[in-house]
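Structural characterization, general
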Amino acid sequence: MNQVSVNTEQPVLEVHNLTRVFEIGRSWLKEGKPLRAVDGVSLTVKRGEVLAIVGESGCGKTTLSRLMLGLQQPSTGDIRVLGEPLVGVDRKAFARRVQPVFQDPYSSLNPRKTIGEIVGDPLIIHNIGTPAERLARVEAVMEQVGLPRRFIHSYPSQMSGGQRQRVAIARALVMKPEVLICDEPTSALDVSVQAQILNLLQDLRQELNLTYIFISHDLSVVEYMADYVAVMYLGRFVEIGPAKRVLSEPKHPYTQALLDSILTPDPHKGLPNLNLGAGFPDPLNPPAGCRFHPRCVKAMPVCATVMPKLFHIEDTDVECHLYDGVKA
Amino acid sequence: MTLADITSAPPASMAKAADEFATLAPSPRELMRRRAKSHIGFLTGMAIILFFIILAVFAPLLAPHDPYDQNLTARLLDPVWGPKGTWAHIFGTDAFGRDILSRLMYGARLSLMIGFTAAAIAGVIGVTLGIVGGYFGGRVDAVVVYLTNVKLALPVILVALSIASISGGSIIVLILVLGLLTWDRYAVVVRSLTQQFRDQEFVLSSLAAGASHARIIFREILPNLTNQIIVVASLDMAIIILIEAALSFLGLGVRPPTPSWGLMVAEARAVMFFKPHLIMIPGAAIFLLVIAINMAGDGIRDVTSPEGRG
């Protein structure tokens, strides 16, 4: 779908036409209504790149991340890491390749385990090394994320939010995965700590040549972290392209509205006018045609009936009727 | 210290690490110990339970007389504070001339043993059902909820009475019946807690690391439930001790002449207006043990999860 990367190296993560449909309200009396949480998403990420996925709450970001972690099975579609298909195989195979960093470091660490146990747990699950080797690996990875070795016997409740998020990152890295899926890794942290964690993630990416899928709704964080940005709306990517271009010259009206929604510290500017009109549509009854048209300021008659095709403009892919005349 | 030591100060990163460590909060265990030390209910309850346990365990050494020894010349003696009391029988003797204090000590054995083992059996059943239902949800959970509802609809005392009267009150049967009849509280508590923990990100992390469901249940969820299970177990044990006493009182629990507190109350019925202490002493023992277990259970909850206090 997207030709975002030009180099010929094999992509680390390929997702092709991924769909996940939930049945809502199903009982033995009646059939459920389908909710297409993720509806035909494709993406390709090369080694060392960061792809940010942005979008409103409820757009399917979290479901997409769970699919890419192997925590849920896709209804259709394909996930490959280094060319190796992962859909339908053992969860353990996923685990060695793709690891998560979750949003809330207060619920992502088991309060009953010490830091050393938490970080070393994946090694035990995969039966890697002797106890001494495991300890050495845990200490090494703790050092990588900037945690003093003495924390190894501490409990999560003894640590600050930033320190806990470092533990979560250490646990994700202990198995040397290819891809980290960071689901809003800083949104639960203080602003001052956010920067430290973002810098740590950037440093680790360079040191370990890691690939990130970075899910966020904070566009300033995205701007700092991402090489590529995918904008998600009701389960689909409506725009995907290099971060600089998407954030400076947004092509899709939804991306434009998202960028306009960034709050500034300047109190005189007031709240931004989003021109988004009605609220988020009911994902059980998505609008016909372009799913964004009821809220779109540039909506045309065709938008209400025909689903827009994918247009490749410059280096960005965009799904919008505004570009119908443009030669792809 | 030489000049070289000063100039080669540790790098800034290490100094920062030391700082971080200095601000480390006390460990959960240390906090628990501190709360336990200042919790009067917990300390009192535990002290009384410990007292009864010592009496029960060392009954053969501590008891002044054989609890089965009848002495018809020394029937219905007053306790030491009564008009004709003697130090030979501190709490007096019953209608067969058996020493009350000795029977009380051996009775503590029986009450504690039945309470502990029956509560453990109920705990194993209830925790297993609750954790499996709460974790897997769906149809598995529906079965667990159904079983729990069926159990809640059973009148415990009535069922225990009928089974005891059919099988004729052996201790093993009593333990099994009480264990099989009181697991519902564990199942309800454990199921709802498991549902809360199941969706926590640390469980997702473990799943994403490739852990099996059994590993997640035993290593991630169960350790977070132990405190609440102990609290439920203490309440369950108190209830079981009361039911055992009630069954024995009705003649459907353990059989005479086994020393049991409930039986002692029952045997004293005939003379309760002349020798009220024969009922009051075993009654007080039941009351004291049950209230101590409840106090300790409440205390454990306060000590282990102060955030849940309210």
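The structure contained in this document is the topic of the report that follows. Remember, it's a predicted structure, so these values are computed and weren't measured experimentally.

Attention now moves to the sheet that holds strand S7 (residues 179-183) of chain A. Within a beta sheet, neighbouring strands are joined by backbone hydrogen bonds and run either parallel or antiparallel to one another. Residue and element names in this part refer to chain A. In spatial order, the strands read S6-S7-S8-S3-S9-S10-S12-S11; together these 8 strands make up an open sheet with mixed pairing. Of all strands in the sheet, those with a lone pairing partner are strand S6 (98-101) and strand S11 (310-313), marking the two edges. Averaged over all neighbouring strand pairs, the angle between strand axes comes to 20°, with direction disregarded. Across 2 bridges, the pairing between strand S10 (residues 236-242) and strand S12 (residues 316-319) is antiparallel. Bridging from a neighbouring strand, Glu 239 pairs with Val 318 of S12.

Let us look at the interface of chain B and chain A. Listed per partner, the contact involves 30 residues of chain B and 34 residues of chain A. For the pair chain B and chain A, the summed buried surface comes to about 2700 Å²; carbon and sulfur atoms form 51% of the total. Among the residues of chain B in contact with chain A, Glu 201, Ala 208 and Ala 209 of chain B are the three that bury the most area, contributing 21% of the side total. At the boundary of chain B and chain A, one finds 2 salt bridges. One salt bridge in this structure joins Lys 113 of chain A and Glu 220 of chain B, with 2.6 Å as the shortest N-O distance. One can count 12 residue pairs in polar contact (both at pLDDT 80 or more) joining chain B with chain A.

Right, let's get into the side chain of Thr 211 of chain A. Residue and element names in this part refer to chain A. Looking at the secondary structure, you find Thr 211 in strand S8 (residues 211-215). Judged by relative accessible area, which is 0%, Thr 211 ranks as buried. Residues contacting Thr 211, with those up to four places away along its chain left out, are Val 12, Val 45, Lys 46, Arg 47, Gly 48, Glu 49, Glu 178, Val 179 and Leu 180.

This part is about the nonpolar core. Leu 13, Leu 43, Ile 53, Leu 64, Ile 213 and Phe 237 of chain A together with Trp 261 of chain B are the most contacted members of the largest nonpolar core, which totals 100 residues. If we ignore the near neighbours within four places in the chain, the residues touching Leu 13 of chain A are Leu 43, Thr 44, Val 45, Met 68, Ile 79, Arg 80, Val 81, Val 179 and Ile 213 of chain A. Listed in part, the 57 residues of the second largest apolar core include Phe 151, Phe 214, Val 246 and Cys 296 of chain A.

Turning our eyes to something else, we now look at the packing of helix H3 (residues 115-125) of chain A against helix H4 (residues 131-144) of chain A. All names here are of chain A. Where H3 contacts H4, the axes come no closer than 9 Å and their chain directions differ by 120°. One way to sum up the angle between H3 and H4 is to call them oblique. As for how H3 packs across H4, the hand of that crossing is right-handed. Touching Ile 115, Gly 116, Val 119, Gly 120, Leu 123 and Ile 124 of H3 are Arg 134, Arg 137, Val 138, Val 141 and Met 142, all from H4. Here the contact of H3 with H4 is built from residues that sort into 7 nonpolar, 2 polar and 2 charged.

Here is what the cut-offs are and how they apply
Residues numbered from 1 in each chain as written. Chains lettered and ligands numbered in written order. Predicted model: local features only at pLDDT ≥ 70, side-chain atom pairs only at ≥ 80, totals over all residues. Heavy atoms only, no water. Pairing = 2+ DSSP bridges. Helix = DSSP H or I, 4+ residues; strand = E, 2+ residues; numbered from the N terminus. Axes fitted to C-alpha atoms, helices over the stretch in contact; angles between N-to-C directions. Contact = heavy atoms within 4.5 Å. Buried area = accessible area lost by both parts, 1.4 Å probe. Salt bridge = Lys/Arg side-chain N within 4 Å of Asp/Glu carboxyl O. Polar contact = N/O pair within 3.5 Å; in protein donor to acceptor, adjacent residues only side chain to side chain. Buried < 20%, exposed > 50% of the residue type's maximum accessible area, 1.4 Å probe, protein only. Core = buried A, V, L, I, M, F, W, Y, C linked by side-chain atoms within 4.5 Å. Parallel < 35°, antiparallel > 145°, perpendicular 65-115°, else oblique. Left-handed = near helix turned anticlockwise from the far one by under 90°. Nonpolar A, V, L, I, M, F, W, Y, C, P; charged D, E, K, R; others polar.

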